Amino acid sequence: MTGPGPLPEPAGFPDCKSCAYKLTGAPAICAACAGDTLPPVAPAHCLVCSQTLPEVGAPCGNRICGWPLEERHFTRVDAVAMYDGAMKRTLPRLKYDGRMGWALIYGRLIVGWLDTHAAEVADIDLIVGNPTAPDRRPQHVEAIMRAASDANRTGRWPIADPDKPALIKTSATTASAATGAFWQTKWAAAEAHAQALEVGPGVSGATVLLVDDVFTTGAQMATVSRLLRQHGAREVRGLVLARAPWR
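Every value quoted in this text rests on a predicted model; they were computed, and no experiment measured them.

### Section: the overall build of the protein chain
Phase 1 of the analysis: Per the secondary structure count, the protein chain includes seven helices and six strands.
Phase 2 of the analysis: Walking the protein chain from its N terminus toward its C terminus, one meets helices and strands in the order α-α-β-α-α-β-α-β-α-β-β-α-β.
Phase 3 of the analysis: Since a compact globule built from 247 residues should have a radius of gyration of about 18 Å, the 18 Å found for the protein chain is in line with a globular shape.
Phase 4 of the analysis: A principal-axis box enclosing the C-alpha atoms of the protein chain has dimensions of 65 × 40 × 35 Å.
Phase 5 of the analysis: Counting all 247 residues of the protein chain, 48% fall into the buried class.
Phase 6 of the analysis: For the protein chain, contacts bridging at least 24 residues in sequence account for 77% of all contacts bridging at least 6.
Phase 7 of the analysis: For the protein chain, the exposed area adds up to about 12,000 Å²; of that, 55% sits on carbon and sulfur atoms.
Phase 8 of the analysis: In the protein chain, which carries 25 positive and 23 negative side-chain charges, the distance between the mean positions of the two groups comes to 4 Å.

So, in structure tokens, the structure goes:
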């Protein structure tokens, strides 16, 4: 009697639809596969916002990175990848087209990143998603965080219970992406977003990792981090699927 044959190779990101691991893949499999395709954060990057820099130690042009911590409210934001190439082609399929299968992949990428950077996030007490409005479909961040919670099979990471979220958006506000490129309008949208949030238990005294899909200016990261700090969070750091590069 012969044993089982070799395990199939992953189909390669972004051909996840045809992959043998589409429904049951472990974070390590999906993260390694996507890592071969997704544009990585550059070795020379801003230590606050992960933006690519011309050289190590060069100043970052993102205005929020020059703010003192007591005004910015988050320590730093790490990114799984840059918002370009395959990430730029696939993330909108979930966010705008409602292709919910992508939430499974992105949730595993979040957990895969945590596993790979375990020493850097060992002190995190609570991992929460930046929520979408209750009337918005799809609820893409919530779907990603639920998938991450399911992928966190050993319970290694303190991902907030998807059925008892630590952050809830109670009303619709203008989407940041709809406000154009002007900082003032993005900041106003970010302020409105934060004002529409309710903070649940578990935040006070915690070092919080705030998860979102894309980081552009950091306005929303700052206003939501401020809210978490006002509710007693000891520190707020960010993790995003993608850092939007400047053109």
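### Digging into helix α1 (residues 27–35)
Helical geometry note: an α-helix holds 3.6 residues per turn, so side chains three or four residues apart project in the same direction.
Phase 1 of the analysis: Along α1, the residues that are buried comprise P27, C30, C33 and A34. Within α1, the buried residues cover an arc of 140° as seen down the axis, which keeps them to one side. Across α1 from its buried face, at more than 90 degrees, point the exposed residues A28 and G35.
Phase 2 of the analysis: The inward-facing, buried residues of α1 abut α4 (101–116) and α5 (140–151).

### Remarks on the environment of C49
Phase 1 of the analysis: Secondary-structure assignment places C49 in the loop between α1 and α2 (69–72).
Phase 2 of the analysis: Residues C49 and D78 lie 29 residues apart in sequence; the distance between their C-alpha atoms is 6.8 Å.

Rules and cut-offs
Residues numbered from 1 in each chain as written. Predicted model: local features only at pLDDT ≥ 70, side-chain atom pairs only at ≥ 80, totals over all residues. Heavy atoms only, no water. Helix = DSSP H or I, 4+ residues; strand = E, 2+ residues; numbered from the N terminus. Rg over C-alpha atoms; globule rule 2.2 N^0.38 Å. Buried < 20%, exposed > 50% of the residue type's maximum accessible area, 1.4 Å probe, protein only. Contact = heavy atoms within 4.5 Å. Areas by Shrake-Rupley, 256 points an atom, 1.4 Å probe, with all protein chains shown as cover. Lys, Arg positive; Asp, Glu negative; His and termini not counted. Charge placed at Lys NZ, Arg CZ, Asp CG, Glu CD. Arc of directions from axis to C-beta.

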